[in-house]
Amino acid sequence: MSEVVEWSNMGGFFDSFSSPESPSDLGLARSAHQPGSLEPHTVVVLPSYSVGDSLLAHYAERIPALEHRQLLSLLALPRVPASQLVFVTSQRPARRVVDYYLSLVPARRRRDMRARMRIVEVPDRTPRSVTAKLLDRPDLIRKIRALAGDRLAYIEPYNVTPIEKDLASRLGMPLNGTAPELWPLGFKSNGRKVMRSAGVPLPLGHEDLRSVEMVVAAAEDIRRRHPSAAGVVVKSDNSGTGAGNRVIRFSPSTKAREVRRAVESLEPWFLADIALGCVVEELVVGTAVSSPSVQVDIAPGGRVDLLASHEQILGGPHGQVYDGCRFPASASYSRRLAPYGTEVGRVLSGLGALGRFSVDFAAVRSPDGTWDVYGLEINLRRTGTMHPYAVLSNLVPGRYDGPTGRWQSEDGSERCYRSTDNLVDPTWRGRTAEDVITAIRTAGLEFDQALGTGVVLHMFSGLDIDGRLGLTAIGRTPRHAEDLYSAAVAALAVTTLPACATLLPGPEAEPRPRAWPG
């Protein structure tokens, strides 16, 4: 069910990408932003959801809430005493929300932490990324430059497109992210090629397909080569977290004309995307299937650092859409994920990629109890597993141990978590940050600095939009984290709400997704 192609077969692919020069001052600025550093510097956090117009239009009101996930970057300030953080957003977070994040760190550090954070609001509610809005405000660009002064500085973006590159030029600061010229490396077809060259096993499949005829032929070839295949997944090249995936299932009696009919019945926007490029690969099945992901960072100079491995929680009509995560990934296969993630990082580093990225896998248990893992895609951007990782690494400092797949705190004890961005109840719309904070506190679930366990909330602004909230529950074991998560959901569901209120999943259907901000 897997395929591996040798390096020698990839020459033409790699030749099509040039390696951009890495700004030398990015390395200096990133080195300054390390725990304990006394080198004055500024980090501009830019939650730049620069994605397709249709997806931006769909998420118009929710864009500020998505931006506010990166407010969790504030938690790094106490650990880097000479840092200044400038957070750019299209909606200023409520003072109570900032106070809440300050309450998560020791009291003696809060005044200094507040003094070193700056929030720059770009008051524009149009359905555009905050980068596009900021480019319309030269006065705010000048303000950010003035805030940085003559310190070392760099931009920490969500993703990098030509408009982020333009903004970086105007600010005179380097971007900690992969250059726009290399963005196609994260497309589904190219991602399979990169993973293949790194020795990662892949589901049986085909890349660079651009028509219904090619998709049908690829599906039929997979059935011919693996007659017991349960189906195929058709993946739009430039999409993310499953929003651009469609599943076509097979039965022993499925005919080629039925496969064609299934493909032709896909949404018009998806059929249009097929013409821009897609992948068809075998639907991975087994007695159990999970969706682990490896988070990696590429530093200037090419160093590859493995950050963590997670279990992704998927939902949506086809079980393909990102909904949350658990840390750590299962010990049954996490040791194999680490070297695969590192090797993919080395390939990408050689091509000039920078900053955070993730590699998504499918893990499949066979009837004999053994597990196989298959690479699914590469995300050349920050993902939905990055902000809960920021919560853990800043509130319970320690290190990720690749061989064991575990987080070891500075005292040697382990930490785990369960996180989501999608606690949704329509009756929560308009509920205050104070109310949900009180609900968690009253239940005795708030994060305890001494114990290094408890619940951290985020995305408060989503409450005003559609009754949506995010949280990360940190425990000493996976079971402890899961219990804290369940207790938090229960506490939020009953506090000050009507007895009939229920916790509902978030809406997953997208009108024309091009890249999901997960």
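Residues numbered from 1 in each chain as written. Predicted model: local features only at pLDDT ≥ 70, side-chain atom pairs only at ≥ 80, totals over all residues. Heavy atoms only, no water.

> Looking at this structure, how should I read helix α11 (residues 212–225)?
Three- or four-residue spacings in an α-helix give side chains the same orientation, since the helix completes a turn every 3.6 residues. Taking 1.5 Å of rise per residue, 14 residues should cover 20 Å, and α11 covers 20 Å from first to last C-alpha, within 8% of that figure. Val212, Val215, Val216, Ala218, Ala219, Asp221, Ile222 and Arg223 are the residues of α11 that are buried. (Helix = DSSP H or I, 4+ residues; strand = E, 2+ residues; numbered from the N terminus. Expected span 1.5 Å × (residues − 1). Buried < 20%, exposed > 50% of the residue type's maximum accessible area, 1.4 Å probe, protein only.)

> What exactly am I supposed to notice about the packing of helix α5 (residues 95–103) against helix α16 (residues 433–442) here?
For any two helices packed against each other, one specifies the inter-axial angle together with the distance between the axes. Running from N to C, α5 and α16 cross one another at 30°; their axes reach a closest spacing of 9 Å. The angle between α5 and α16 places the two elements in the roughly parallel class. Contacts between α5 and α16 involve Arg96, Val97 and Tyr100 from the first element and Ala433, Glu434, Ile437 and Arg441 from the second. (Axes fitted to C-alpha atoms, helices over the stretch in contact; angles between N-to-C directions. Parallel < 35°, antiparallel > 145°, perpendicular 65-115°, else oblique. Contact = heavy atoms within 4.5 Å.)

> Would you mind going over the environment of glycine 186 with me for this structure?
Locating glycine 186 in the fold gives a position in the loop between α9 (162–171) and α10 (188–197). With relative accessibility at 13%, the residue glycine 186 sits in the buried group. The spacing of glycine 186 and leucine 380 is 194 residues in sequence and 5.4 Å in space, taken between C-alpha atoms.

> Can you walk me through helix α8 (residues 138–148) in this structure?
Inspection of α8 places Leu140, Ile141, Ile144, Leu147 and Ala148 among the buried residues, and these make up the whole buried set. Buried residues of α8 fall within an arc of 120° about the axis and therefore sit on the same side. Next to the buried residues of α8 lie β2 (41–46), β3 (83–89), β4 (117–121), α7 (130–135), β5 (152–157) and α9. With its phi angle positive at about 60°, glycine 149 sits one or two positions after the end of α8. (Arc of directions from axis to C-beta.)

> Please clarify how the packing of aromatic side chains should be interpreted in this entry.
What characterises a pair of aromatic rings is the spacing of the ring centres plus the angle enclosed by the ring planes. Tallying each qualifying case throughout the model produces nine aromatic pairs. When the ring of tyrosine 389 is compared with that of tryptophan 407, the centres are 6.0 Å apart and the planes differ by 90°; the resulting orientation is edge-to-face. Here tyrosine 389 is found in helix α15 (residues 386–395), whereas its partner tryptophan 407 is found in strand β17 (residues 406–409), with 18 residues between them in sequence. For tyrosine 389, a relative accessible area of 12% puts it in the buried group. A residue is classified by how much of its surface remains accessible, and tryptophan 407, at 3% relative accessible area, is buried. One aromatic cluster is present, built from ring pairs that chain together Tyr100, Tyr101 and Phe460. Taking the ring centre of phenylalanine 250 as reference, the NZ or CZ of arginine 223 above it sits at 5.1 Å. (Phe/Tyr/Trp six-rings, centres within 6.5 Å; stacked < 30°, edge-to-face > 60°. Lys NZ or Arg CZ within 6 Å of the ring centre and 35° of its normal.)

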